[in-house]
Amino acid sequence: MLPLRFRRVTMSARVLVGVKRVIDYAVKIRVKPDRTGVVTDGVKHSMNPFCEIAVEEAVKLKEKKLVKEVVAVSCGPQQVQETIRTALAMGADRGIHVEVSGKDYETLGPLQVSKIFAALAKKEQADLIILGKQAIDDDCNQTGQMTAALLDWPQGTFASEVTLEADKLKVVREIDGGLETIKIKLPAVVTADLRLNTPRYATLPNIMKAKKKKIVNVKPADLGVDVSSRLEVLKVDEPPQRQSGVKVETVHDLVEKLKEAGRI
Amino acid sequence: MGIFQRFARIPLKSTYIWSLCRQYSTDLTAVDRALIQHRNPGAAPPRLPFSRVTQEDLAFFRTLLPGRTITDPDLLKSSNVDWLKTVEGNSEVLLRPKTTEEVSQILRYCNERNLAVCPQGGNTGLVGGSVPVFDEIILSTSLMKQVITFDNISGILTCQAGCVLENLSNYLEERDFIMPLDLGAKGSCHIGGNVSTNAGGLRLLRYGSLRGTVLGLEVVLADGRILNCLATLRKDNTGYDLKQLFIGSEGTLGVITAVSILCPRKPKAVNVAFLGCSSFQQLLETFQCCRGMLGEILSAFEFLDASCMSLLEKHLKLTNPITESPFYIVIETAGSNATHDEEKLHKFLEEVMTSSLVTDGTVATEATKIKALWSLRERVTEALTHEGYTYKYDISLPVEKIYDLVQDMRGHLGDMAKNVVGYGHVGDGNLHLNITSPSKDPALLAAIEPYVYEWTSKWKGSISAEHGLGLKKRNYIYYSKPSEAVALMGSIKAMLDPKGILNPYKTLPDNIH
């Protein structure tokens, strides 16, 4: 039986989950002819896979009655509402759409997003922020860490297991050398790694319910955040083309080819 | 020692007749042949008196196809066995031509020498039609994989017969088109093989069969003559449509070397819904509702039963995305406007959910999730191979009767079968009935056949909806075609291939009456 003060923290806990709309993992990426970025028009987008894992973890905590409310947050233009809806269909309670569009959206990066999350965490009185460890488009792996720093909250990054114990979080982290287990106090920031869970499929009854859930629109200015970027992308190039291999018929041919290439 | 003396000393047991078959095929009486066929119509017939490959033959092939005449038994092994590992031949020669001209020279030579030839594409056929029965020379299209032309205004693709379906799909997708057919074997099957078997697949519901989408063929006939009917015209009513003879002929009337096919535009929006139904009746009503509400964007309507799902979970470790149900449906929509399609789809899903036709379901719009949902249907065949031995039946029936056959077979076979599963293209009235057993079981086979064919025939169905007849089903043709039709088929075969060297022992029955 948990002491009363701990129960209060956990039972009324609110979780903010960040969901990013990215180009779908299965799409073949093309660089724009002007080399300023990649082609996004007409290209299939979906929720960042690590964000899906984050949503799944938050929903699981709610199902275990360890947290009270899961709020899905996304920053971007009108289309990100689809991504928030997917999170709602997976079990999030309500959504917040932080409107960022046009040039601001093109230059939106971890620093601005983490400022937005920090502001929202304070406004919504969140106890836990769960984010994906990184986005598959920019591979920055910075937002979670920056958000924790701005809030001065502890962080459990690359989480492959999260357990709520009273007002502390036990986080098993995937690191180069193996697995590291840490205990951090709530409120905290956790970033989800691949093996944390397997995201559920949004089933029809939940998709129907999600249509009725609320998504609130907010502007960065309302949160006191300046989204201008200090970074400028100079150019974007495709990786060098891999040379195709050559098949030879006999061992003799192989030796000749290796000699020609100066390898032997 | 004379043959008669041997006969006099040893009793005529059936095994002895079999061993005699192999040595003295021409000495069998009509009674013996009838005896053998009656026991097991799917088994191989005795070897016909074709020539055997000699060193001179090999020398010819090696000169014609240097480095592409394979005689190494290890390399030949995989081409001698079918994908299901149920049929094995003893070919000693595998030829890999690169051009139509080479195929023509091979067939001209083989025809003169009376050497049997087994054309082979991706070797993914399920009726033993793509592998030799005895020592037929394997003619592989694996090096004939060039795309010849593609016109992106008309969408007409011309390519060699050995192009792998998936590669063609990828090629077309880059140009905003798709192949009009799609099947689980796409990673290995060749378009030439698809056309020779008139493959159906998952998109038939939307784009029709190859008989409509193939515009022209280049075929090499048994005597080496090249028949170039590679028209790239949508409409051409000049004379008899010869290509229709070769489509679905399973390599017995000619070897297809090039195909021109009409390709549809790549849909801008593809959605897949995976639904659960509690009865087959509700599944059919869902289909009707689907046709009504999604008609113009519907591109696939497939089903699988609960037994299939448990096999997928058990052998391939796939997860069921929804709650367990007796039946599962895979619905695919393909259209030009994502918002419109999603709206239509969501209205449809709301309708079937509120009317309880469907008990649970999920929807996918992203490529990765779509692939995952499709794999639940596409990989059933693979999951079945892990059960041991599978008896496969590909039946066309009136749609309402489809699952009755599965339930009837379950009752009829009882404990003899390990698993009886049903899945398939319910939208096209095509059931894939599969019966598994830990190993090959003649008693089980005797219980299944001809019961399943008689059942099908009673409801005027087809005993082979899309898999073809190949080796395994050739003698069952009379369950679905009248004897006048089969006799005419025999005449056409005799006219186009008088020596019978093209894919012998396949498609047509051993005794045409």
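Residues numbered from 1 in each chain as written. Chains lettered and ligands numbered in written order. Predicted model: local features only at pLDDT ≥ 70, side-chain atom pairs only at ≥ 80, totals over all residues. Heavy atoms only, no water.

Novice: Go over the pattern of salt bridges, please, and point to the residues and values.
Specialist: Under the criterion given, the structure shown has 40 salt bridges over all chains. A salt bridge links Arg377(B) to Glu302(B), with the shortest nitrogen-to-oxygen separation between them at 2.7 Å. Of this pair, Arg377(B) sits in helix α15 (residues 367-378) while Glu302(B) sits in strand β11 (residues 298-305), and the two are 75 residues apart along the sequence. The burial state of Arg377(B) is the same as that of Glu302(B); both residues are buried. Where Asp404(B) meets Lys401(B), a salt bridge forms, and the shortest distance between an N and an O atom there is 3.2 Å. Taking relative accessible area as the criterion, Lys401(B) reaches 18% and is therefore assigned buried. The network of salt bridges with common partners includes Arg14(A), Glu69(A), Arg94(A) and Glu124(A). (Salt bridge = Lys/Arg side-chain N within 4 Å of Asp/Glu carboxyl O. Helix = DSSP H or I, 4+ residues; strand = E, 2+ residues; numbered from the N terminus. Buried < 20%, exposed > 50% of the residue type's maximum accessible area, 1.4 Å probe, protein only.)

Novice: Describe a negative patch on the surface, with residues and values.
Specialist: A surface patch of negative charge is lined by Glu249(A), Asp253(A), Glu256(A) and Glu260(A). With respect to the helices, strands and loops of the structure, Glu249(A) is situated in the loop between β11 (215-218) and α8 (251-260). (Patch = residues over 30% accessible without salt bridge, like charges linked within 9 Å, V, L, I, M, F, W, Y side chains within 5 Å. Areas by Shrake-Rupley, 256 points an atom, 1.4 Å probe, with all protein chains shown as cover. Lys, Arg positive; Asp, Glu negative; His and termini not counted. Charge placed at Lys NZ, Arg CZ, Asp CG, Glu CD.)

Novice: A description of the environment of Thr124(B) should follow, citing residues and the corresponding values.
Specialist: Tracing the chain through its elements places Thr124(B) in the loop between β3 (117-120) and β4 (137-140). Thr124(B) sits 60 residues away from Gly184(B) along the chain, and the two C-alpha atoms are 9.9 Å apart.

Novice: Before we move on, can you summarise unusual backbone geometry with the specific residues and values?
Specialist: The step from Leu186(A) to Pro187(A) runs through a cis peptide bond, and the omega angle for that step is -5°. Here Pro187(A) shows up in the loop between β9 (178-185) and β10 (188-192). Along the chain, Glu449(B) connects to Pro450(B) via a cis peptide bond; the corresponding omega equals 5°. Mapping Pro450(B) onto the fold places it in the loop between α18 (442-448) and α19 (451-458). For Asn503(B), which is not glycine, the phi dihedral falls at a positive 45°. If you trace the backbone, Asn503(B) turns up in the segment after α20 (483-496). Look at Asn503(B) and you get buried, because its relative accessible area is 3%. Although it is not a glycine, Tyr505(B) sits at a positive phi angle of roughly 75°. Assignment of secondary structure puts Tyr505(B) in the segment after α20.

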